[in-house]
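Below are the chains, spelled out letter by letter.
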Amino acid sequence: MRSLAFASFVLTFLSVTSAADAAQLWETLPPTPTLPEGRNSGYAPVNGIKIWYASYGRGQPVILLHGGLANSNYWGNQVRALAPHYRVIVMDSRGHGRSTRDERPFGYDLMAADVLALMDYLKIPTAAIVGWSDGAILGLDMAIHHPERLTKLFAFAANSDPSGVKDVSQSPTFNAYIARAQKEYEKLSSTPEEYASFLEQISRMWATQPHFTAEQLRRIAVPIWIVDGDHDEAIKRENTEFMAAQISNAGLLLQPQVSHFSFLQDPLQFNSDLLHFLADVNGH
């Protein structure tokens, strides 16, 4: 009996120790989802390049814009949640995923112009924009310069200025993401050998852009939520709060116990917030 009790104690101790040592949710990088089947997809000739896109469902259009180094597959969980209610469009940003690029340097104004050109190609006059990281910055760029094309904006993990970005080189989760992005780039891109150059150019953009001024942010009239994870390893909390404070009537949402990769780490929470925003926040 004593030996059984001791064995039980050891097992309990090991279980508790293992749980304590396990990574917290915000420290994990769950697998990249897949996109659903049955999509209407193709390449749109816009701005001298080819933008890969896919469309799902019917209803009011919602465009999902992924983060830097990524591709549309990262939105797989959100497409499944939104497609029963909306027409959902995903696109690979120029030079990302399956899309091509030209010799022009990466920049948020240029990439936002690609989104607008794709909307024109698909004959979508206005749409709700859901952006993650660089995708959220593109949404802000559009809200500042082309507000007539947006009905509303869900901006997750954006920054208004390079000073709002943390040193991600110190983050194991973000480093794992960069390594994963390389494998995905090599699999999807038409220039699979150019990841090192691609990473260098995107990193240069991150270090020098965007530069949204307080005055520009104050002029945003599109219904908007500024959203981030409360453990974001890439974006400084003060910059998130600064943007929300400058934009008139902006909502500020900090999702608990998740990071820059909230939509992968806790898709149920992320999708619930997103569906509420799309259904209940009045758009233009």
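Look above for the structure.
It should be emphasised that the depicted structure is a prediction, and the values quoted were computed from it without experimental measurement.

A count of helices and strands for the protein gives ten helices and eight strands. Rg of the C-alpha trace for the protein: 20 Å, near the compact-globule value of 19 Å for 284 residues, within the 12% margin. By principal-axis analysis of the C-alpha atoms, the protein measures approximately 75 × 45 × 40 Å. For the protein, contacts bridging at least 24 residues in sequence account for 77% of all contacts bridging at least 6. In the structure as shown, the protein presents an accessible area of about 13,000 Å², 54% of it carried by carbon and sulfur atoms.

Another aspect to go through is the side chain of His96. Mapped onto the elements of the fold, His96 is located in the loop between strand S4 (87-91) and helix H3 (108-121). Look at His96 and you get buried, because its relative accessible area is 1%. For His96, the side chain forms a polar contact with the main-chain oxygen of Arg94, separated by 2.9 Å. In this structure, His96 is in contact with His66, Gly67, Gly68, Leu69, Ala70, Phe106, Met111, Phe198 and Ile202, ignoring residues within four places of it in sequence.

What follows concerns the nonpolar core. With 87 residues, the main nonpolar core has Trp132, Leu140 and Tyr177 as its most contacted residues. Leave out the neighbours within four places in its chain, and Trp132 touches Leu65, His66, Gly67, Ala70, Tyr74, Trp75, Phe156, Ala157, Tyr177, His260, Phe261 and Phe263.

Our next topic: the pairing of strand S6 (residues 150-156). Regular strands place their side chains on alternate faces of the sheet. Within S6, seven of the seven residues are buried, which leaves it mostly tucked inside the rest of the structure. Bridge analysis of strand S5 (residues 127-132) against S6 gives six bridges, and the strand direction is parallel. Paired with Val130 across the bridge in S6 is Phe154.

Now for a negative patch on the surface. On the surface, a cluster of negative charge is made up of Glu103, Glu186, Glu193 and Glu194. Of note, Glu186 is situated in helix H5 (residues 172-188). We classify Glu186 as partly exposed; its relative accessible area is 38%.

Another aspect to go through is the environment of Phe198. As for its placement among the helices and strands, Phe198 is situated in helix H6 (residues 195-208). Taking the relative accessible area as the measure of exposure, Phe198 reaches 3% and is therefore buried. Linking Phe198 and His96, residues 102 residues apart in sequence, is a C-alpha distance of 8.8 Å. Apart from residues no more than four positions distant in its own chain, Phe198 is found in contact with Leu69, Gly95, His96, Phe106 and Tyr185.

When the terminal C-alpha atoms of H3 are compared, their 20 Å separation across 14 residues agrees well with the 20 Å that a helix rising 1.5 Å per residue should span. With ten of 14 residues buried, H3 is to be regarded as a mostly interior element. Taken together, the buried positions of H3 are Tyr108, Leu110, Met111, Ala112, Asp114, Val115, Leu116, Ala117, Leu118 and Met119.

The end-to-end C-alpha distance of H5 is 24 Å, a good match for the 24 Å that 17 residues give at a rise of 1.5 Å each. Structurally, H5 contributes buried residues whose contacts are with S5, H6 and helix H9 (262-265).

Turning to the sheet that holds strand S1 (residues 40-46), a few remarks are in order. Within the open sheet, the eight strands sit side by side as S1-S2-S4-S3-S5-S6-S7-S8. Their pairing is mixed. Here the strands that pair on one side only, and so sit at the sheet edges, are S1 and strand S8 (251-255). Sheet twist, expressed as the mean angle between neighbouring strand axes with direction ignored, is 20 degrees. Bridging between strand S3 (residues 61-65) and S4 involves five bridges; their strand directions are parallel. Bridged to Ile63 within S4 is Ile89. Relative to S6, helix H10 (residues 267-280) is tilted by about 155 degrees, and along the sheet it contacts S3, S5, S6, strand S7 (224-229) and S8.

Mapped onto the secondary structure, Ser171 falls in the loop between S6 and H5. Among the polar contacts listed, one links the side chain of Ser171 to the backbone nitrogen of Phe174, at a separation of 3.1 Å.

What counts as what
- Residues numbered from 1 in each chain as written.
- Predicted model: local features only at pLDDT ≥ 70, side-chain atom pairs only at ≥ 80, totals over all residues.
- Heavy atoms only, no water.
- Helix = DSSP H or I, 4+ residues; strand = E, 2+ residues; numbered from the N terminus.
- Rg over C-alpha atoms; globule rule 2.2 N^0.38 Å.
- Contact = heavy atoms within 4.5 Å.
- Areas by Shrake-Rupley, 256 points an atom, 1.4 Å probe, with all protein chains shown as cover.
- Buried < 20%, exposed > 50% of the residue type's maximum accessible area, 1.4 Å probe, protein only.
- Polar contact = N/O pair within 3.5 Å; in protein donor to acceptor, adjacent residues only side chain to side chain.
- Core = buried A, V, L, I, M, F, W, Y, C linked by side-chain atoms within 4.5 Å.
- Pairing = 2+ DSSP bridges.
- Patch = residues over 30% accessible without salt bridge, like charges linked within 9 Å, V, L, I, M, F, W, Y side chains within 5 Å.
- Salt bridge = Lys/Arg side-chain N within 4 Å of Asp/Glu carboxyl O.
- Lys, Arg positive; Asp, Glu negative; His and termini not counted.
- Charge placed at Lys NZ, Arg CZ, Asp CG, Glu CD.
- Expected span 1.5 Å × (residues − 1).
- Axes fitted to C-alpha atoms, helices over the stretch in contact; angles between N-to-C directions.

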